[in-house]
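# Commentary on secondary and tertiary structure
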Amino acid sequence: MKLIIDTDPGIDDAMAIAYAAAAPEIDLIGLTTVFGNTHVHQSSRNARFLLHKLGLDAPVAEGAAFATGETSHAPSEHVHGPEGFGDITDVPQIGSNHSLPAAEFLVEMARVHKNELVVCAVGPLTNIADAMRLDSDFARNLKRLVIMGGAVFCPGNITEHAEANIYHDAKAADEVFAAPPDTVLVGLDVTLKTLYETADFEALAIRSPDMGAFLRDISRFYLKFYKEIGGLEGCGLHDSTAVIACTHEPMFDMVETGLQVTVEGPEIGATRPVSTRPIVRVCRDVDGAGVVNLFTERVASLP
């Protein structure tokens with residue numbers, strides 16, 4: 001599967017990118033970056049660093065710095081740390097970004113790999129909406145769009161109504177759902193059923209002493225947040241679950257519905273089922289233990 005991950009690394013993004021690098025079913029042909037967990041220039045630096053650490057020669061195309069119509073962004077430092085990797089603050093600048101901005105890169109890759117390319121969006125959907133505006137054929141050229149976002153049948157995590165990725169650019173999300181490609185939504189309805197605990201990270205670090213240990217180290221900050229805010233003993237494999245959904249759909253139970261996003265007011269970012277929009281496949285349940293085991297076995301194969 002030819003895959004591009006649209007990402008804002010981010011601790012759980014790093015885990016998802018590591019999984020994609022290890023998965024034999026996936027040909028990771030590039031990363032596009034967006035604001036979200038970090039400022040976009042940090043997202044791009046972190047993405048290039050991760051690809052270098054994983055030994056992958058894939059391009060990084062930098063995308064949107066702000067939400068649709070906005071001119072500033074406050075990163076989620078309390079969740080992911082000041083540089084996106086928890087307590088690790090000295091992240092080297094390695095290489096440079098692709099010459100094309102993210103939306104143009106996505107359009108070009110969808111055209112080159114028509115009906116083959118899967119895009120897994122694990123940050124705000126700004127780059128996806130920009131690509132759809134840039135080329136009316138973009139959605140038709142994709143094989144599938146898989147989105148980590150939304151809380152359709154459960155409470156949100158940034159507000160009681162909204163999941164963070166959708167909340168950070170509700171307008172872009174609503175625009176994507178108004179005329180979506182073949183789309184699977186992997187939201188909090190399932191990702192909080194894939195908890196990865198401290199013992200899981202420690203075991204992973206033993207089996208993968210370079211990448212696994214790195215993920216363990218950056219996750220300590222993330223696990224502390226989950227413990228303090230939610231009383232949970234682990235973190236959800238949010239972004240990794242979305243990448244796994246790209247290749248392992250039978251592990252998920254899905255319902256088909258149109259979706260609409262609230263774009264203003266106190267419920268901004270709420271993602272609601274509607275019957276008046278094109279169908280999106282929304283993940284409603286998941287083999288959580290299976291996802292956790294698959295993540296571990298694949299990432300443990302890395303050095």
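Quick caveat: nothing in here was measured; it's all calculated off a predicted structure.

Turning next to the packing of aromatic side chains. Counting across every chain of the model gives 8 aromatic pairs. Look at phenylalanine 85 and phenylalanine 214: their rings are 5.5 Å apart centre to centre, the planes differ by 85°, and that puts the pair in the edge-to-face class. One end of the pair, phenylalanine 85, is in the loop between α3 (77–80) and α4 (102–112); the other, phenylalanine 214, is in helix α11 (residues 211–230), and 129 residues separate them in sequence. Between the aromatic rings of phenylalanine 225 and tyrosine 226, the centroid separation amounts to 6.0 Å while the plane-to-plane angle is 90°, which identifies the pairing as edge-to-face. Each member of the pair, phenylalanine 225 as well as tyrosine 226, is classed as buried. Ring-pair connections join several aromatic residues into one group, and the members of that group are Tyr19, Tyr196, Phe201 and Phe295. Its guanidinium or amino end placed over the ring of phenylalanine 153, arginine 284 lies 3.9 Å from that ring's centre, counting from NZ or CZ.

Across the sheet, 9 strands lie side by side as β3-β2-β1-β4-β5-β6-β11-β9-β10; this open sheet has mixed pairing. Looking at strand neighbours, the two that pair on one side only are β3 (60–62) and β10 (271–274), the edges of this open sheet. Shown here is a sheet whose adjacent strand axes are inclined to one another by a mean of 30°, direction ignored. Of the strand pairs in this sheet, strand β6 (residues 183–186) and strand β11 (residues 280–286) are connected by 2 bridges, and their pairing is parallel.

In this section: the nonpolar core. Nonpolar side chains tend toward joint burial in soluble globular proteins. Leu3 and Leu215 are the most contacted members of the largest nonpolar core, which has 64 residues in total. Ignoring any residue separated from it by four or fewer positions in sequence, one finds leucine 215 in contact with Ala14, Met15, Ala18, Phe201, Leu204 and Val299. One finds Ile4, Leu125, Phe177 and Val261 within the second-largest nonpolar core, a separate group that totals 33 residues.

Counted by the stated rule, this structure contains 0 disulfides. Cysteine 120 takes part in no disulfide bond, and the closest cysteine sulfur, belonging to cysteine 246, lies 4.0 Å away.

Bringing unusual backbone geometry into the picture now. Between proline 9 and glycine 10 the backbone carries a cis peptide bond, its omega angle lying at -5°. Relative to the helices and strands, glycine 10 is located in the loop between β1 (2–7) and α1 (11–22). For asparagine 115, which is not glycine, the phi dihedral falls at a positive 65°. By secondary structure assignment, the location of asparagine 115 is in the loop between α4 and β4 (117–121).

Calculation rules
Residues numbered from 1 in each chain as written. Predicted model: local features only at pLDDT ≥ 70, side-chain atom pairs only at ≥ 80, totals over all residues. Heavy atoms only, no water. Phe/Tyr/Trp six-rings, centres within 6.5 Å; stacked < 30°, edge-to-face > 60°. Helix = DSSP H or I, 4+ residues; strand = E, 2+ residues; numbered from the N terminus. Buried < 20%, exposed > 50% of the residue type's maximum accessible area, 1.4 Å probe, protein only. Lys NZ or Arg CZ within 6 Å of the ring centre and 35° of its normal. Pairing = 2+ DSSP bridges. Axes fitted to C-alpha atoms, helices over the stretch in contact; angles between N-to-C directions. Core = buried A, V, L, I, M, F, W, Y, C linked by side-chain atoms within 4.5 Å. Contact = heavy atoms within 4.5 Å. Disulfide = S-S within 2.5 Å.

So far we have only geometry, and geometry alone does not tell us how the molecule works.
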